[in-house]
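Each chain, letter by letter, is given below.
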Amino acid sequence: MSGRAFGLTFLSRYGFLVVFLGFFIFFATQSDAFLNTSNLVNILEGNTILLVAALGMTLVVASGGIDLSIGIAIDFGGWLAIVAMMDHDVAWPLAIVVGVIVGAAVGAFNSFLIVWLGVSPFLATLGTFFIGGSIQQIYTSGGGQVPFRQMPTGYQELATGETWGIPNEILIGAVVLFVFYVLLERSIYGKRIHAIGLQPSAAAVAGINVRAYLWMTFVVASATASVGGIISTAGLRQFTPLAGFSYLLDAIAAVFIGASMHPQQRPNVGGTLVGVLFLGMVSNGLNLMGLDFNFRDALEGLVLVGAIALAVSQRRLPGRVGSPA
Amino acid sequence: MATTADSNSNALVMSDISKAFPGVQALDNANLVVADREIHGLVGENGAGKSTIIKVLAGIYEADHGSVWVANEQLEQLTPQSVHERGVRFIHQELSLVPYFNVTESVFMAQEKQGVFGLATRKMRRQAEDFLANILGAEIDGRTLIRDLTVAQQKLVQIARALIDGQARLVVFDEPTAVLGAADINTLFGNIRELRNSGISIVYVSHYLSEITEICNRVTVFRNGVDVDTIHLGEEQVNGAGNVVSGAANGSVRQAEIIKLMVGREITDMYPESQATPANTVLEVDGLSDGIRFVDASFSVRAGEIVGLTGIIGSGREALVDSIYGQRRVSKGTLAVAGKPIKLRSPAQAVSAGLVLVPRDRRNDGLVLDMSVADNVNVATLEMVSSKLGWHRRQQAAQRADQLVEQLDVRPRRSDTIVRFLSGGNQQKVVLARWLTTDSKVFVLDQPTTGVDVGARSEIYALVAQLAAGGAGVLMSSNDLAEVLGICDRVLVMVRGRIVAERETSGLALDELVALTTGSALEGVEGVAS
Ligand SMILES: Nc1ncnc2c1ncn2[C@@H]1O[C@H](COP(=O)(O)OP(=O)(O)OP(=O)(O)O)[C@@H](O)[C@H]1O
Ligand SMILES: [Mg+2]
């Protein structure tokens with residue numbers, strides 16, 4: 001490998017981490033508050049919802065699909081959990097289960113469209129996105145908030161409480177992260193999902209039940225995203241219709257930033273975490289600097305394009321063109 | 001070893017070509033000299049560097065050093081365009097066609113014809129169909145999508161694409177016959193000879209040494225990235241009438257010589273002794289029809305038996321294999337594995353019933369190209385390398401892969417290589433390795449030795465014989481009739497969607513089997529292709 005080739009490989013794999021660090025140092029020098037422990041904890045805490053949504057997305061993208069309805073799962077999960085408590089006096093732990101099941105149901109609807117009807121994941125989840133948005137508007141009289149002031153403290157503490165001195169939100173994020181790491185990177189199910197994503201025909205011939213796996217993938221992704229919705233309603237003590245949408249593009253961005261760091265450009269759990277933290281750090285930093293929040297989107301766009309261009313440039317290195325036979 | 005363009009009449013001189021990939025020296029000062037109006041063979045073990053030198057010529061890979069003359073003109077910078085302009089055409093080993101293009105679009109890709117009103121679609125379609133029918137002997141509708149063609153038909157489309165503009169001066173065939181049936185191979189050979197007679201030089205890469213000795217004038221043998229020798233094979237001469245008179249009567253002697261150069265040792269018994277002591281029936285196919293490609297297929301395979309299945313393009317053999325594995329819908333008929341009927345719905349069901357497939361299209365169906373050798377070897381049997389709950393035991397997985405890589409002599413011997421970068425024959429070994437240590441009852445092998453070198457082929461035959469001896473039933477679908485006769489105990493012959501003959505292979509002559517596959521030996525069944 002030539003020096004240039006090595007440099008490029010290094011850049012494409014770790015270049016993003018360098019950018020990450022660069023921004024970190026930049027914010028640290030620009031704002032005194034940035035490096036405060038409480039601010040750093042804030043970044044972690046404030047991005048748990050994005051993290052769980054992005055993890056679900058990682059699973060879907062690894063299987064070769066995309067889920068545009070992830071925001072719907074977030075909305076429905078949180079919404080129906082508080083509806084269960086408010087209108088049906090369901091105990092709060094059970095309400096969480098209700099929320100997750102509703103999220104899973106959103107995923108099952110996607111699976112039905114994709115696996116049974118053969119609609120492409122893009123179109124199927126786009127459909128779910130529109131339908132889900134419409135349902136929310138119908139039942140909240142055009143998108144009015146659903147407040148729930150008498151929320152059980154147990155439920156509320158999902159977002160505001162602490163356990164062993166660690167904010168519950170961070171703990172929840174860590175648990176989901178761990179589960180996904182084991183699922184996608186260390187279990188044979190993850191291996192199969194990667195195989196399906198890379199080459200579905202070969203996975204099928206190897207005897208993998210591709211339909212069953214795709215089915216599960218969308219269900220698990222939505223169920224996970226609904227956890228984000230539950231945390232969101234717990235923190236705000238209300239449900240804001242259509243709020244989940246704001247996580248969709250960030251989740252996709254985080255997944256692809258993460259994939260660009262993988263030697264084979266595959267979506268992976270560690271990379272997604274880095275992507276989420278980066279996006280969280282940038283918005284926090286810009287905020288502290290008093291800069292226009294809208295800069296963040298532009299920065300995110302630049303970083304995404306940059307990371308992917310680097311990853312692709314590595315594929316153009318000599319000796320990696322085409323393929324032998 | 002010719003190293004310079006000493007003769008004026010060379011169509012191609014490649015001298016001192018080196019090319020390294022990370023961890024592999026694919027070419028190491030290799031030479032290839034092709035004279036004018038010559039059919040020049042190129043042989044060598046899997047991974048010897050044949051495809052690599054061809055890709056260097058094609059401008060796909062940039063050589064680390066070396067020089068190239070085409071028609072006595074030195075080319076400084078090889079790009080796909082510059083070699084194309086000089087009339088060099090390639091029929092690459094892998095099918096590089098777009099699945100959702102139709103035949104016409106594929107033949108004319110990047111060489112489209114303009115009419116007065118935009119693309120001359122009709123004209124192109126007519127030309128493509130004519131070329132395929134008249135020159136290559138295949139009736140294919142120009143509007144058919146590539147994905148709906150058989151692999152063999154796709155090969156013909158690929159050939160048509162290279163030759164249709166009539167500008168070819170030097171044509172390189174990289175293992176063209178691997179997917180073709182005997183009759184189609186004869187047609188192809190006729191075409192190759194005609195090309196040569198019209199003044200075009202040919203480079204012909206193949207693992208079938210009988211083909212090499214049959215049509216080549218000279219052959220260059222590669223080993224580990226070096227050309228070890230170039231041998232004359234007795235000039236073929238063109239007599240006054242334009243017919244070819246072959247001068248090489250001593251084909252098999254020459255083949256043994258080539259093999260020795262290729263692998264550095266002699267291979268005496270290509271095929272293991274048959275030791276079939278067939279026991280109970282493990283695969284029972286009864287009245288299977290898909291309503292389109294094959295009808296009423298009935299046969300059985302017993303434990304310990306190797307049964308061949310053969311037939312030319314369009315005989316329905318491929319479709320039948322796909323259906324047996326649950327990849328194609330059937331309209332009628334039943335299938336039972338070890339006495340238990342199974343529903344033909346998905347490969348997953350077939351696998352769990354104990355029926356496994358080594359698919360013919362290894363690059364699409366056999367391998368996840370971007371995964372490592374270890375992952376590909378283990379992907380079908382991940383339970384064997386995991387805890388009960390599904391925790392992937394990587395070390396165990398790597399060990400299992402290492403063992404299989406060793407056993408099958410996959411090169412390079414590293415189970416962490418990405419499969420995409422293995423040579424064709426080594427990729428095939430990886431697919432085979434996958435099922436070897438499973439206790440499956442029926443192995444369906446579809447063209448298992450396509451693109452596999454002689455040495456490895458004899459190893460694969462030994463493995464297949466071992467599988468059978470171990471109590472599995474093997475159904476081997478193949479268009480290589482010598483192989484079918486050599487390894488199978490029985491053979492089923494398909495013609496036009498029907499199994500028209502079933503024969504014991506002992507005592508069956510090759511000619512007789514060829515006649516069966518073309519249908520000419522049978523009353524009441526019309527001959528298909530000639
Ligand atoms: N793009 C690549 N990256 C890495 N290694 C490669 C690449 N292309 C080829 N190789 C390696 O170079 C060697 C030569 O491969 P090549 O494809 O030329 O073999 P071959 O003679 O055509 O074999 P086969 O008969 O199996 O097709 C092999 O070891 C192969 O693994
Ligand atoms: Mg090759």
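Residues numbered from 1 in each chain as written. Chains lettered and ligands numbered in written order. Predicted model: local features only at pLDDT ≥ 70, side-chain atom pairs only at ≥ 80, totals over all residues.

### Focus: the overall build of chain B
Part 1: The helix and strand inventory of chain B stands at 17 helices and 24 strands.
Part 2: A compact globule built from 530 residues should have a C-alpha radius of gyration of about 24 Å, and chain B, at 23 Å, falls within 12% of that.
Part 3: A principal-axis box enclosing the C-alpha atoms of chain B has dimensions of 70 × 55 × 50 Å.
Part 4: Burial status across chain B gives 51% buried among its 530 residues.
Part 5: A fraction of 68% describes how many contacts in chain B between residues 6 or more apart in sequence connect residues 24 or more apart. (Helix = DSSP H or I, 4+ residues; strand = E, 2+ residues; numbered from the N terminus. Rg over C-alpha atoms; globule rule 2.2 N^0.38 Å. Buried ≥ 20, exposed ≤ 12 C-beta atoms within 10 Å, placed from the backbone. Contact = placed C-beta atoms within 7 Å.)

### Description of the overall build of chain A
Part 1: Regarding its fold elements, chain A presents 14 helices and four strands.
Part 2: Its C-alpha atoms give chain A a radius of gyration of 20 Å, within 12% of the compact-globule value 20 Å for 325 residues.
Part 3: For chain A, the C-alpha atoms occupy an extent of roughly 65 × 55 × 40 Å along the three principal directions.
Part 4: For chain A, contacts bridging at least 24 residues in sequence account for 75% of all contacts bridging at least 6.

### Side note on the sheet that holds strand S17 (residues 306-310) of chain B
Residues and elements named next belong to chain B.
Part 1: A sheet is described by the order of its strands in space; here six strands give the open sequence S20-S21-S22-S17-S23-S24, paired in mixed fashion. Of all strands in the sheet, those with a lone pairing partner are strand S20 (355-358) and strand S24 (498-504), marking the two edges. Averaged over all pairs of adjacent strands, the angle between strand axes in this sheet comes to 20°, irrespective of strand direction.
Part 2: Direction of pairing for S20 relative to strand S21 (residues 442-446): parallel, over a ladder of four bridges. (Pairing = 2+ DSSP bridges. Axes fitted to C-alpha atoms, helices over the stretch in contact; angles between N-to-C directions.)

### Concerning the pairing of strand S10 (residues 201-205) of chain B
Residue and element names in this part refer to chain B.
Part 1: Buried residues dominate S10, accounting for five of its five residues.
Part 2: Across the two faces of S10 the burial is the same, with Ser201, Val203 and Val205 and Ile202 and Tyr204 all buried.
Part 3: Sheet analysis places strand S3 (residues 39-44) next to S10, joined by four bridges and oriented parallel. The residue bridging Leu42 from the neighbouring strand is Val205, located in S10.
Part 4: Bridge count for strand S9 (residues 170-174) against S10 is five bridges, and the pairing is parallel. Looking at S10, one finds that Val172 is bridged to Val203.

### Structural notes on the confidence of the model for chain B
All names here are of chain B.
Part 1: Per-residue pLDDT for chain B averages 86, and the proportion of residues at 70 or more is 93%.
Part 2: Long-range and interchain partners of residues 237-248, a stretch whose pLDDT sits below 50, account for 17 contacts in this model, where long-range means more than four residues apart.
Part 3: Scored by ipTM, the complex comes to 0.79, with pTM at 0.82. (pLDDT = per-residue confidence, 0-100.)

### Structural notes on the confidence of the model for chain A
All names here are of chain A.
Part 1: Mean pLDDT over chain A stands at 87; residues scoring 70 or higher make up 90%.
Part 2: Averaged pLDDT values over the elements of chain A bottom out at 71 in helix H14 (residues 295-315) and peak at 97 in helix H3 (residues 48-62).
Part 3: Across residues 317-325 the pLDDT falls below 50, and counting only partners more than four positions away or on other chains, this stretch makes 22 contacts in the model.

### Observations regarding the interface of chain B and chain A
Part 1: Tallying the contact residues gives 37 residues for chain B and 27 residues for chain A.
Part 2: Where the side of chain B that touches chain A is concerned, the elements lending two or more residues are helix H1 (50-57), helix H10 (347-353) and helix H11 (362-366) of chain B.
Part 3: A class-by-class count of the residues in the side of chain B that touches chain A yields 18 nonpolar, 11 polar and eight charged. (Nonpolar A, V, L, I, M, F, W, Y, C, P; charged D, E, K, R; others polar.)

### Quick look at the packing of helix H5 (residues 92-116) of chain A against helix H6 (residues 121-139) of chain A
Residue and element names in this part refer to chain A.
Part 1: In contact at an axis separation of 9 Å, H5 and H6 are set at 140° when each is read in the N-to-C sense. By the angle between their directions, the pair H5 and H6 is classed as oblique. In this structure, H5 meets H6 at a crossing whose hand is right-handed. Residue-level contacts link Val106, Phe109, Asn110, Leu113 and Ile114 of H5 to Pro121, Ala124, Thr125, Gly127, Thr128 and Gly132 of H6. (Parallel < 35°, antiparallel > 145°, perpendicular 65-115°, else oblique. Left-handed = near helix turned anticlockwise from the far one by under 90°.)

### Considerations on the sheet that holds strand S19 (residues 340-341) of chain B
Residues and elements named next belong to chain B.
Part 1: Within the open sheet, the four strands sit side by side as S16-S15-S18-S19. Their pairing is antiparallel. The outermost strands of the open sheet, each flanked by one partner alone, are strand S16 (297-302) and S19.
Part 2: Where strand S15 (residues 281-289) lies against strand S18 (residues 332-337), five bridges are found, and the strand directions are antiparallel. Residue pairing across strands places Val285 opposite Leu335, the latter belonging to S18.

### Brief notes about the domain arrangement of chain B
Residues and elements named next belong to chain B.
Part 1: What the domain assignment lists for chain B is domain 1 (1-87 + 168-266) and domain 2 (363-439).
Part 2: Here the C-alpha centroids of domain 1 and domain 2 sit 32 Å apart.
Part 3: Taken together, the contacts link six residues of domain 1 with seven residues of domain 2.
Part 4: Looking at the side of domain 1 that touches domain 2 residue by residue, the class counts come to two nonpolar, four polar and no charged. (Domains from an automatic or database assignment.)

### With respect to the environment of Gly390 of chain B
Part 1: Tracing the backbone through its elements, the reader meets Gly390 of chain B in the loop between helix H12 (373-378) and helix H13 (394-408).
Part 2: Ignoring anything within four residues of it in the chain, the contact list for Gly390 of chain B reads Ser187, Ile188 and Tyr189 of chain A.

### Side note on unusual backbone geometry
Part 1: Cis rather than trans, the peptide bond between Arg411 of chain B and Pro412 of chain B has omega equal to -5°.
Part 2: Phi at Trp164 of chain A is positive, roughly 50°, even though this residue is not glycine.
Part 3: Although it is not a glycine, Asn72 of chain B sits at a positive phi angle of roughly 65°.
Part 4: What makes Asn72 of chain B partly exposed here is the crowd of 14 C-beta atoms within 10 Å.

### Quick look at the environment of Gly23 of chain B
Residues and elements named next belong to chain B.
Part 1: Examined against the element boundaries, Gly23 turns out to sit in the loop between strand S1 (10-21) and strand S2 (24-35).
Part 2: What makes Gly23 exposed here is the crowd of 10 C-beta atoms within 10 Å.
Part 3: The spacing of Gly23 and Thr417 is 394 residues in sequence and 9.9 Å in space, taken between C-alpha atoms.

### Focus: H13 of chain B
All names here are of chain B.
Part 1: Over its 15 residues, H13 extends 21 Å from the first C-alpha to the last, a length consistent with the 21 Å expected when each residue adds 1.5 Å.
Part 2: Buried positions along H13 lie against H12, helix H14 (424-436) and helix H15 (454-469).
Part 3: Downstream of H13 by one or two residues, Asp409 has phi in the positive range, about 55°. (Expected span 1.5 Å × (residues − 1).)

### A short note on the packing of H5 of chain A against helix H11 (residues 210-236) of chain A
How two helices sit against one another is set out by the angle between their axes and by the gap between those axes.
Residue and element names in this part refer to chain A.
Part 1: One way to put it is that H5 packs onto H11 with a least axis distance of 7 Å and a crossing angle of 145°. Crossing of H5 against H11: the hand is right-handed.
Part 2: When the residues that make up the contact of H5 with H11 are grouped by side-chain class, the tally is 17 nonpolar, eight polar and one charged.

### Points about the nonpolar core
Part 1: Counting residues in each nonpolar core, the largest one holds 173 residues, and the members touching the most others are Ala53 and Ala251 of chain A together with Val444 and Val474 of chain B.
Part 2: Tallying contributions element by element places H11 of chain A first for this core, with 13 residues.
Part 3: Not counting residues within four places of it along the chain, the set of residues in contact with Val474 of chain B comprises Ile306, Val307, Phe443, Leu445, Val464, Leu467 and Ala468 of chain B.
Part 4: Counting residues in each nonpolar core, the second largest holds 81 residues, with Leu27, Leu42, Val68 and Ile202 of chain B among its members. (Core = buried A, V, L, I, M, F, W, Y, C linked by C-beta atoms within 7 Å.)

### Things to note about the environment of Leu320 of chain B
Residues and elements named next belong to chain B.
Part 1: Looking at where Leu320 falls in the secondary structure, it is placed in helix H9 (residues 317-324).
Part 2: For Leu320, a count of 29 C-beta atoms within 10 Å gives the class buried.
Part 3: The spacing of Leu320 and Asn31 is 289 residues in sequence and 44 Å in space, taken between C-alpha atoms.
Part 4: Excluding residues that lie within four positions of it along the chain, Leu320 makes contacts with Phe294 and Ala297.

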